[in-house]
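Analysis of the macromolecular model
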Amino acid sequence: MTQHHRHPMSLELLRQEARDELAAVIEFRCRLGDDPWDFLPDLPTVDEQVVLTLREETIEAHDLGEARSRAYHPSAAPQERERFEYQLLRRVALDHPELTPAVWGMLGRLNAA
């Protein structure tokens, strides 16, 4: 069975996990005394959080840890990191077309970091 046949249920589970994770971050930050109006705009959306999870799974599934290390090495040119993230997130978008807007939102966030 390909990933395309199983992702609708998995995607909903991933979205629920993302909602739970983001709720925990918000609760933690509020307990620290942080003003939600200051940090909420910087948090990813639920789908962007799902993309981050899928991004990590893609690195593991395709054994891209070494490529990530090279792209993020201090001596690497910024274009290497951007190229790595683009190729990585492109894979996520191809596997999960319904997440394409969130993929491109995360690409912008990661490249701005």
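As shown above, the structure is provided for reference.
Residues numbered from 1 in each chain as written. Predicted model: local features only at pLDDT ≥ 70, side-chain atom pairs only at ≥ 80, totals over all residues. Heavy atoms only, no water.

Concerning the pattern of salt bridges
Just so we agree on the cut-off: Between Lys or Arg on one side and Asp or Glu on the other, a salt bridge is scored when a side-chain nitrogen of the former is within 4 Å of a carboxyl oxygen of the latter. Every helix listed is a DSSP run of H or I at least four residues long, and every strand listed is a run of E at least two residues long, numbered separately from the N terminus. Burial here depends on accessible area, computed with a 1.4 Å probe over protein chains only, as a share of the maximum for the residue type. Under 20% is buried, over 50% is exposed, and the range in between is partly exposed.
Using the criterion set out here, one finds nine salt bridges in the structure. A salt bridge links Arg15 to Glu12, with the shortest nitrogen-to-oxygen separation between them at 3.3 Å. With a gap of three residues between them, Arg15 and Glu12 both fall in helix H1 (residues 3-31), about one helical turn apart. By relative accessible area, Glu12 is classed as partly exposed at 40%.

Looking at helix H3 (residues 46-61)
Spelled out, the test is: For a helix, the expected span equals 1.5 Å multiplied by the number of residues minus one.
Between its first and last C-alpha atoms H3 spans 22 Å; for 16 residues at 1.5 Å apiece the expected length is 22 Å, and the two agree. Along H3, the residues that are buried comprise Glu48, Gln49, Val50, Val51, Leu54, Arg55, Thr58 and Ile59. Of the residues one or two after H3, Asp63 is the one with positive phi, at around 50°.

Re the nonpolar core
Looking at soluble globular proteins, one finds that nonpolar side chains tend to be buried together. Counted only if it meets this: Side-chain atoms within 4.5 Å link the members of a nonpolar core, which is a set of buried Ala, Val, Leu, Ile, Met, Phe, Trp, Tyr and Cys residues. When checking whether two residues touch, look at their non-hydrogen atoms; a contact exists if any pair is within 4.5 Å.
Core analysis: the biggest nonpolar cluster contains 15 residues, and Val50, Val51, Leu54, Leu89, Leu99 and Val103 have the highest contact counts within it. Contributions of two or more residues to this core are made by H1, H3, helix H5 (78-95) and helix H6 (100-112). Of the residues forming this core, the biggest block, five residues, is contributed by H6. Excluding anything up to four places from it in sequence, Leu89 contacts Val51, Arg55, Val103, Met106, Leu107 and Leu110.

Considering the packing of H3 against H5
Just so we agree on the cut-off: Lines fitted to C-alpha atoms define the axes, with helix axes restricted to the stretch in contact, and inter-axis angles between N-to-C directions lie between 0 and 180 degrees. Between 65 and 115 degrees an angle is taken as roughly perpendicular, under 35 as roughly parallel, over 145 as roughly antiparallel, and anywhere else as oblique. Residue polarity is assigned by list, with Asp, Glu, Lys and Arg as charged and Ala, Val, Leu, Ile, Met, Phe, Trp, Tyr, Cys and Pro as nonpolar; anything else, Gly included, falls into the polar class.
In the contact formed by H3 and H5, the axes pass within 9 Å of each other and the chain directions differ by 105°. Between H3 and H5, the angle falls in the class roughly perpendicular. Two secondary-structure elements touch here, H3 through Val51, Leu54, Arg55, Thr58 and Ile59 and H5 through Phe84, Glu85, Leu88, Leu89, Arg91 and Val92. A per-class count over the contact of H3 with H5 returns seven nonpolar, one polar and three charged.

Topic: a negative patch on the surface
Put simply, the rule is: A patch is a set of surface residues, each over 30% in relative accessible area and not in a salt bridge, joined within 9 Å for like charges and within 5 Å for the nonpolar side chains Val, Leu, Ile, Met, Phe, Trp and Tyr. Residue burial considers only the protein chains on display, and all accessible areas are found by Shrake-Rupley using a 1.4 Å probe. Neither His nor the chain ends is counted toward charge; the positive residues are Lys and Arg and the negative residues Asp and Glu. Charged side chains are reduced to one point each, which is NZ for Lys, CZ for Arg, CG for Asp and CD for Glu.
Among the surface-exposed residues, Glu17, Asp20, Glu21, Glu57 and Glu60 lie close enough to one another that they form a single negatively charged patch. Residue assignment for the negative patch shows that the elements contributing at least two residues are H1 and H3. Looking at the negative patch element by element, the count peaks at three residues for H1.

Digging into the side chain of Gln49
Operational definition: Identification of polar contacts relies on pairs of N or O atoms within 3.5 Å, with a donor-acceptor requirement for protein atoms, meaning one able to donate a hydrogen and the other able to accept it, and with residues adjacent in sequence counted only if both atoms are side-chain atoms.
With respect to the helices, strands and loops of the structure, Gln49 is situated in helix H3. For Gln49, a relative accessible area of 10% puts it in the buried group. Looking at Gln49, its side chain comes within polar contact range of the side chain of Glu21, at 2.9 Å. Filtering out sequence-adjacent residues up to four positions away, Gln49 remains in contact with Ala18, Glu21, Leu22 and Pro44.

A short note on the environment of Glu98
Within the fold, Glu98 resides in the loop between H5 and H6. Taking the relative accessible area as the measure of exposure, Glu98 reaches 33% and is therefore partly exposed. Considering only alpha carbons, one finds Glu98 and Asp47, 51 residues apart in sequence, at a separation of 9.6 Å.

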